[in-house]
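# Close look at the chain arrangement
Letter by letter, the chains look like this.
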Amino acid sequence: MALIALVVLFNIYAVHQQILIKRLRRQLAEKRGHSRILRNLAMIDPLTGLYNRRFAEQRLSSEVSRSSRKPNHFCILLMDLNDCQAN
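Values in this document were obtained by computation on a predicted structure and should not be read as measured data.

Scoring rules and cut-offs
- Residues numbered from 1 in each chain as written.
- Predicted model: local features only at pLDDT ≥ 70, side-chain atom pairs only at ≥ 80, totals over all residues.
- Heavy atoms only, no water.
- Patch = residues over 30% accessible without salt bridge, like charges linked within 9 Å, V, L, I, M, F, W, Y side chains within 5 Å.
- Areas by Shrake-Rupley, 256 points an atom, 1.4 Å probe, with all protein chains shown as cover.
- Salt bridge = Lys/Arg side-chain N within 4 Å of Asp/Glu carboxyl O.
- Helix = DSSP H or I, 4+ residues; strand = E, 2+ residues; numbered from the N terminus.
- Buried < 20%, exposed > 50% of the residue type's maximum accessible area, 1.4 Å probe, protein only.
- 1 Å grid on protein atoms, 1.4 Å probe; cavity = no way out; pocket = protein on both sides within 12 Å on 5 of 7 lines; lining within 4 Å.
- Points joined across faces, edges and corners; volume = space filled by probe spheres on them.
- Nonpolar A, V, L, I, M, F, W, Y, C, P; charged D, E, K, R; others polar.
- Axes fitted to C-alpha atoms, helices over the stretch in contact; angles between N-to-C directions.
- Parallel < 35°, antiparallel > 145°, perpendicular 65-115°, else oblique.
- Contact = heavy atoms within 4.5 Å.

## Some thoughts on a nonpolar patch on the surface
Taken together, the side chains of Leu 60, Val 64, Phe 74, Ile 76 and Leu 78 present a nonpolar region at the surface, about 500 Å² in accessible area. Note that Val 64 resides in helix 2 (residues 53-69). Its relative accessible area of 42% is what places Val 64 among the partly exposed residues.

Printed below as a string of structure tokens:
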């Protein structure tokens, strides 16, 4: 009788642990989604939908690192288009 009670108790515990794991996986998936949204908000200008300075700085540092590891050259073109008027 005690063995049956122990087996039932263990099964209840195992089911409870599975429920907790599913809940944690769901929360983790939600946090990944929120993280992706926050990253996009930090890297993309909401008005134009273009990448902003933060993205450029991050990308530039990774490209400089990649260029130093490989014998490839790269060039940067920076244009400031504020108050640009056609004549």
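Next comes the rest of the description.
## Some points on the layout of surface pockets
Considering only enclosed or pocket space, the largest pocket measures out at about 500 Å³ in volume. In terms of lining, the largest pocket is formed by 13 residues, of which the most central are Ala 56, Ile 76, Leu 77, Leu 78 and Met 79. Of the residues in the lining of the largest pocket, the class split is nine nonpolar, one polar and three charged.

## Examining the environment of Ala 29
With respect to the helices and strands, Ala 29 occurs in helix 1 (residues 2-43). According to the relative accessible area criterion, Ala 29 is partly exposed, its value standing at 46%. Between the C-alpha atoms of Ala 29 and Ile 44, which are 15 residues apart in sequence, the distance is 22 Å.

## Overview of the environment of Met 1
By the secondary structure assignment, Met 1 is in the segment before helix 1. With 35 residues separating them along the chain, Met 1 and Arg 36 place their C-alpha atoms 53 Å apart.

## Digging into the packing of helix 1 against helix 2
Between helix 1 and helix 2, the shortest axis-to-axis distance is 7 Å and the interhelical angle comes to 100°. By the criterion of interaxial angle, the relationship of helix 1 to helix 2 is roughly perpendicular. Residue-level inspection shows Arg 39, Ala 42 and Met 43 of helix 1 in contact with helix 2, the latter providing Arg 54, Phe 55 and Gln 58.

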